[in-house]
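Structure assessment
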Amino acid sequence: MKTEIATSSFRGRFIRAKRYIEEGEVVAFHTETVYGLGANAFSDEAVQKIFALKGRPADNPLIVHVHQEYDISPLIDSEPPYAGALRKAFLPGPLTMVYPSTGKVSKYVSCGLNTLAIRVPSSPTAQAFLKAVNLPIAAPSANLSKHVSPVTARHVFEDFNEKIPLILDGGACSGGIESTVLDCTGEVPQILREGLVTREMIAAVAGDCKLYHAAAGERPKSPGMAYKHYSPRCRTAYFTETEAAKAAYHEEKEAGGTPCILCDSGAAAQLGGYEVLELGGTGEVMAQRLYALLRRGEKIATLLIGIEPQEREGCMAGVLNRMRRAFGAEHGTEES
Ligand code: TXA
Ligand code: MG
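Residues numbered from 1 in each chain as written. Chains lettered and ligands numbered in written order. Predicted model: local features only at pLDDT ≥ 70, side-chain atom pairs only at ≥ 80, totals over all residues. Heavy atoms only, no water.

**Observations regarding the sheet that holds strand β7 (residues 137-138)**
To keep things clear, this is the line we draw: Strand pairing is assigned whenever DSSP identifies at least 2 bridges connecting the two strands. To qualify as a helix, a DSSP run of H or I must reach at least 4 residues; to qualify as a strand, a run of E must reach at least 2; elements of each kind are numbered from the N terminus.
In space, the eleven strands of this open sheet follow the order β1-β8-β2-β3-β7-β4-β6-β5-β9-β10-β11, with mixed pairing throughout. Across the chains shown, the open sheet's two edge strands, defined by having one partner strand only, are β1 (4-6) and β11 (210-211). Pairing analysis gives three bridges linking strand β4 (residues 63-65) to strand β6 (residues 115-119), with the strands arranged parallel. Bridging across to β6, histidine 65 finds its partner in arginine 119.

**Some words on the side chain of aspartate 183**
The test is simple: In this scheme, a residue with accessible area under 20% of its type's maximum is buried, one over 50% is exposed, and one in between is partly exposed, where area comes from a 1.4 Å probe on protein chains only. Distance and chemistry together define a polar contact, namely a pair of N or O atoms within 3.5 Å, with one atom able to donate a hydrogen and the other to accept it when in protein, and with adjacent residues in sequence counting only for side-chain atoms on both sides.
Of note, aspartate 183 is situated in strand β9 (residues 180-183). Its relative accessible area of 6% is what places aspartate 183 among the buried residues. Here threonine 185 takes part through its side chain, which lies 2.6 Å from a polar atom of the side chain of aspartate 183.

**Considerations on the pattern of salt bridges**
Operational definition: A side-chain nitrogen of Lys or Arg and a carboxyl oxygen of Asp or Glu constitute a salt bridge if their distance falls within 4 Å.
Evaluation of the coordinates by the stated rule reveals 16 salt bridges. The closest approach of N and O atoms between arginine 19 and glutamate 23, which form a salt bridge, is 3.7 Å. Taking relative accessible area as the criterion, arginine 19 reaches 44% and is therefore assigned partly exposed. For the salt bridge of glutamate 32 with arginine 119, the shortest nitrogen-to-oxygen distance reads 3.0 Å. Of this pair, glutamate 32 sits in the loop between β2 (27-29) and β3 (36-40) while arginine 119 is found in strand β6, placing the two residues 87 residues apart along the sequence. By relative accessible area, arginine 119 is classed as buried at 2%. Taken together, the salt bridges that share partners define one network made up of Glu158, Asp159, Arg295 and Lys299.

**Things to note about the pairing of strand β15 (residues 303-307)**
Within β15, five of the five residues are buried, leaving the element largely enclosed by the surrounding structure. Neither face of β15 is open: one carries Leu303, Ile305 and Ile307, the other Leu304 and Gly306, and all of them are buried. Sheet analysis places strand β12 (residues 235-239) next to β15, joined by five bridges and oriented parallel. Residue pairing for β15: arginine 235 is matched across the bridge by leucine 303. Bridge count for strand β13 (residues 259-263) against β15 is four bridges, and the pairing is parallel. Paired with cysteine 260 across the strands is leucine 304, a residue of β15.

Right, dumping it as structure tokens:
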């Protein structure tokens, strides 16, 4: 199968995408967070195709994506009072809300859970695609399972060339890390995966917001958080101190390797003469650059060395979560 990257100059690309979706095919599309790998959420076969293409564990549920005007009420059983206020404040945008499900979409979407995760992306490319199909589109990030999430159409192509017919190119993703996943089934909203919409931002609207931590040995509420994730395909090391990173760098060089250091601007300023991939200085910039730099790092380095950024404001909780997991410094109870 030929994989076509369709930019905005490709007229009729959304009509083409709609036809593929109706035929049960999988189509990749731009969102403001990362690229998604989408299929008709009502179709068992189409949803199963996503799992097969990604090599995704069968117990890791998918998010359903809908356009701004799509009526989600047939899909969800109930909605707590705070959810309406959150939708008004943050949607369309990088917030995924988990509701009690009516079970109308394919059972493979939620992998046996009685909840459904719904997201309304703000990307104009995603909105145009979702409006054209006018269906809930189940979509994980468009990377092979465990690999770094894609933030350009080229990244998707690298993982799925000849495996999917179409990539709807909307340019580089401005957000850069996946959406915040928020459990909206309880009295107080609870973050299952941190992202660009922060706990503080949610609490300011909903009055309160909890952060979920799976207890040791417990199956996490958001099963994706249990798996090794976001991993570059080279050896990695992770440090909190620049001096330790320098030592690892020299050791790798002496062994004949090509080390590279991924770090914030502050650390980069102390690393003249070293091969460095610079994340930036603020949470928003680091989120935007992280995945592209991890994918760059795996291409140029035998050992990619991460230094923990200093910044803690804004969306840094999400950035640190992805970075630690990419470097194997933090992951869930099991790996796949
Ligand atoms: O920004 C995003 O969310 C991107 C773009 C494409 O929209 N999508 C994305 O999907 O990151 P994925 O499949 O890579 O991650 C979905 C996460 C997983 O951690 C999964 O376990 C969790 O959402 N999830 C999905 N449905 C859930 C549910 N019903 N209850 C709890 N967690 C759920
Ligand atoms: Mg993913």
